[in-house]
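# Observations on the model geometry
Below are the chains, spelled out letter by letter.
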Amino acid sequence: MNPEKDFSPLAPSVVRALNDKLYEKRKVAALEIEKLVREFVAQNNAVQIKHVIQILSQEFALSQHPHSRKGGLIGLAACSIALGKDSGLYLKELIEPVLTCFNDADSRLRYYACEALYNIVKVARGSVLPHFNVLFDGLSKLAADPDPNVKSGSELLDRLLKDIVTESNKFDLVGFIPLLRERIYSNNQYARQFIISWILVLESVPDINLLDYLPEILDGLFQILGDNSKEIRKMCEVALGEFLKEIKKNPSSVKFAEMANILVIHCQASDDLIQLTAMCWMREFIQLAGRVMLPYSSGILTAVLPCLSYDDRKKSIKEVANVCNQSLMKLVIPEDDETDESKQSLSLQTEPKEESLSQQEVTSSGCLEASSDSNLSSASVFNVSSTDRVPVTLNLDGIVQVLDCHLHDSATGMMTRIAVLKWLYHLYIKTPRKMFRHTDSLFPILLRTLSDESDEVILKDLEVLAEIASSPAGQTEDQGPCDGSDMRSSQSELHIPVKASQLSSSGTKGMECSPSTPTMNSYFYKFMINLLKRFSSERKLLETRGAFIIRQLCLLLNAENIFHSMADILLREEDLKFASTMVHTLNTILLTSSELFQLRNQLKDLKTPESRNLFCCLYRSWCHNPVTTVSLCFLTQNYKHAYDLIQKFGDLEVTVDFLTEVDKLVQLIECPIFTYLRLQLLDVKNNPYLIKALYGLLMLLPQSSAFQLLSHRLQCVPNPELLQTTDSTKTTLGFKKATATNIDYLELLQHFERVQNKHLEVRHQRAGRGEPPDRRVVL
């Protein structure tokens, strides 16, 4: 510093003292400056005051010499003290040089800068608020200072500034938010702690509505929540908790839509605390904002669905995610299926009020009702005013894409797959017309899902497929069998029942119950064809789950339609071995499943044209398996024809598998299903062909347990001499029944012979190619 330079009105002794290395001398100089400035204040001499501040700033505080800088800082603080309430007029000139010293390499000098600024702010109080951003910026840097003394000094200044902001009503929040948004992404722990402490202070001030600007800082808050410091994480939790309380109190003023995607991102965080907190926020957003969240459904599902398969280590996240999933599903309503543009965009004004999920009950009609013991305050209900209508459109394409991806991903957990299928079922119920645009793309993966390891997944998958196959929305003008198959004559045409009562009551599942009647649409036949193709290509699926799948479908759809269509398809099956296996499976289900009690009763008497039509259709396909054909005749009480068939067995190639099936049929005759047949053995006169047919089976069997079982049963038949049959027996009841049904049994018998000849031919061809033949009986 040039000693000859004029520093007036500062005396030379004051200038020398300010440059001294001793703090005591600099302090004496500061007292002289304070006295001088007070005189200028008394004289109202603003020019000299500015001149003094300028000298202290330019020549001292910003000097290259460290002691001069220290002198300048204490001198500026002295000026502020002398100015008192008038210091507000010179704050820019007082603060800027002090803040520059915050960046000084000397920690002692940074400390003195904190001290000086503390004195300046303490005097100015509320007048410093217009300069808050620069003060905050400087303090945020000092919060991370490595020197403990500097950090301690900055904390004192920080507390003072917080007191000023708290007691003032002139804080410029709008001007501060951009700086807060920038600083909140700091990775330094102390800077983060500083930021969170300020957010907590601003939240506590009634006149400052930080909630309006939450979208600006929410992402940064969630990032701080993942800090390594437990203390900082706890502070951030508190801050987020306070915001959430405020959101629940004033949901109408919350910008839910602007924060939805932020929550979606953090709901997928690897950090458990971040993920759980974000998921809790998402739960509240869905329940408070309602349909405002629908446009973000695909993102929400991307985040929520994987959490449903978490194990007990993340039980809390899983439970909250489940609530989110259920709440979001309930937001989809039938109006979302409207094709008219004006109806697609639903107004929030007409939306029913949503309450917390725990306070909701589902009525039998599927609507939401608040429970009588609800303790949720009315303030927590989101209700948009009539002047603030927000059009909401369901992004169905995005949702289906997410669901489809989860089904295709082999790593998807079981509970997630179940949730995906529940979503698809729900969408087909609520928005069938729009969903059927996606059916062709979804159909293959839904069929593949039938091979899932979980029974529960398969059940849900079948519900979706059944809804696709029966929904009126899937009806097209060209309703016919797919894959180029021609429908057969009216004799094998699929029967569409008139009565909806044929749908099993077990298909009703509360809110998820389909309103569809058990009719067919364009996808029904396609489903049957592809299901049989899947069984054909994946024999293990047929063996392990085939009966289970078909039985469940008989509950979800009309059993008669299923059997009629499968029989019709199998009639044209080129793989005769598969056809025989499939027929055997269907026959076992028909004869043993409780779900098919009504269908068995319908076939037992053949009283209606529909039942006779069904019998003929089944018979033609059942011919792929001789023993099942006989069992079908037993079921329908066509005993003479059964006897005629058994007579033909002498011309068939008798294998071990064939005898095993005869054995199983004998066992089946002893079951409750054939109680009526066993009772008819008492009426020898009217059922001679039943007895002859059973004797025929007995003659086919080798000496085995089944032989003994059937032999003992026939020994119980009264008056065995009446088994003699002459032409006069054609007047018996059994024969009368056969002729009354108008069924061409001769033609059926000829059809049986043709089918069995094809099987024989194929077996010989396989043997010629060296393929393993069916097991033959070795005598």
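First, a word on what this report is: a plain description of the structure on this page. (Residues numbered from 1 in each chain as written. Predicted model: local features only at pLDDT ≥ 70, side-chain atom pairs only at ≥ 80, totals over all residues. Heavy atoms only, no water.)

From N to C terminus, the chain includes 36 helices and four strands. Per-residue burial over the chain gives 53% buried out of 779 residues. Expressed as a percentage of contacts within the chain between residues at least 6 apart in sequence, the contacts between residues at least 24 apart total 75%. For the chain, the exposed surface amounts to about 35,900 Å²; the carbon and sulfur share of it is 50%. (Helix = DSSP H or I, 4+ residues; strand = E, 2+ residues; numbered from the N terminus. Buried < 20%, exposed > 50% of the residue type's maximum accessible area, 1.4 Å probe, protein only. Contact = heavy atoms within 4.5 Å. Areas by Shrake-Rupley, 256 points an atom, 1.4 Å probe, with all protein chains shown as cover.)

Turning to helix α8 (residues 148-167), a few remarks are in order. Helix length check: α8, at 20 residues, gives a terminal C-alpha distance of 29 Å against a target of 28 Å (1.5 Å per residue), a fit within 8%. For α8, the complete set of buried residues consists of Val-150, Lys-151, Gly-153, Ser-154, Leu-157, Asp-158, Leu-160, Leu-161, Lys-162, Ile-164 and Val-165. Looking at the buried residues of α8, the elements they touch are α6 (107-124), α7 (132-142) and α10 (189-204). A distance of 2.9 Å separates the backbone nitrogen of Asn-149 from a side-chain oxygen at the start of α8, and that oxygen is part of Asp-147. (Expected span 1.5 Å × (residues − 1). Polar contact = N/O pair within 3.5 Å; in protein donor to acceptor, adjacent residues only side chain to side chain.)

Here we take up the packing of helix α3 (residues 46-61) against helix α5 (residues 91-101). Interaxial distance between α3 and α5 falls to 9 Å at its minimum, and their mutual angle equals 15 degrees. Considering the angle they form, α3 stands roughly parallel to α5. Of the two possible hands of crossing, α3 and α5 adopt the one that is left-handed. Taking contact as the criterion, the partners of Ile-53, Ser-57 and Ala-61 in α3 are, on α5, Glu-93, Leu-94, Pro-97 and Cys-101. (Axes fitted to C-alpha atoms, helices over the stretch in contact; angles between N-to-C directions. Parallel < 35°, antiparallel > 145°, perpendicular 65-115°, else oblique. Left-handed = near helix turned anticlockwise from the far one by under 90°.)

Along the chain, Cys-405 falls in helix α18 (residues 396-408). On a C-alpha basis, the gap between Cys-405 and Val-420 in space is 9.8 Å, while along the polypeptide they are 15 residues apart.

With that settled, the discussion passes to the packing of aromatic side chains. All told, the structure shown has 24 aromatic pairs when counted by the stated rule. An angle of 40 degrees between the planes, with centres 4.9 Å apart, marks the rings of Phe-136 and Phe-194 as tilted. You can see Phe-136 sitting in helix α7 and its partner Phe-194 sitting in helix α10, a full 58 residues away along the chain. Taken individually, Phe-136 and Phe-194 each receive the classification buried, so the pair is uniform in this respect. (Phe/Tyr/Trp six-rings, centres within 6.5 Å; stacked < 30°, edge-to-face > 60°.)

The subject of this paragraph is unusual backbone geometry. Along the chain, Ser-8 connects to Pro-9 via a cis peptide bond; the corresponding omega equals 10 degrees. Turning to its location among the elements, Pro-9 is positioned in the segment before α1 (12-18). The residue Asn-44 is not glycine, and still its phi comes out positive at about 60 degrees. Among the secondary structure elements, Asn-44 is positioned in the loop between α2 (23-43) and α3. With relative accessibility at 68%, the residue Asn-44 sits in the exposed group.

With that settled, the discussion passes to the packing of α2 against α3. Running from N to C, α2 and α3 point in directions that differ by 155 degrees, and their axes come no closer than 9 Å. Between α2 and α3, the angle is such that the two are roughly antiparallel. Residue-level inspection shows Ile-33, Leu-36, Val-37, Phe-40 and Val-41 of α2 in contact with α3, the latter providing Gln-48, Ile-49, Val-52 and Leu-56. Of the residues belonging to the contact of α2 with α3, the class tally is eight nonpolar, one polar and no charged. (Nonpolar A, V, L, I, M, F, W, Y, C, P; charged D, E, K, R; others polar.)

This part takes up the pattern of salt bridges. For the structure on display, the rule yields 34 salt bridges. Salt-bridge contacts for Asp-337 lead to Arg-433; the nearest nitrogen and oxygen are separated by 3.4 Å. One end of the pair, Asp-337, is in the loop between α16 (315-330) and α17 (341-344); the other, Arg-433, is in helix α20 (residues 432-435), with 96 residues separating them in the sequence. The exposure class of Asp-337 is buried, given its relative accessible area of 4%. Asp-440 is paired through a salt bridge with Lys-526; the nearest N and O atoms lie 3.5 Å apart. Here Asp-440, found in helix α21 (residues 439-448), pairs with Lys-526, found in helix α23 (residues 522-537); they are 86 residues apart in sequence, far enough to count as distant. Counted as one network, the salt bridges with shared partners bring together Asp-137, Lys-141, Glu-182 and Arg-183. (Salt bridge = Lys/Arg side-chain N within 4 Å of Asp/Glu carboxyl O.)

Glancing now at the side chain of Arg-620. Mapped onto the elements, Arg-620 comes out in helix α28 (residues 609-622). At 2.8 Å, the side chain of Arg-620 forms a polar contact with the side chain of Glu-747.

By the secondary structure assignment, Asn-169 is in the loop between α8 and α9 (173-183). For Asn-169, a relative accessible area of 60% gives the class exposed. In this structure, the C-alpha to C-alpha distance between Asn-169 and Gly-126, residues 43 residues apart in sequence, is 9.3 Å.

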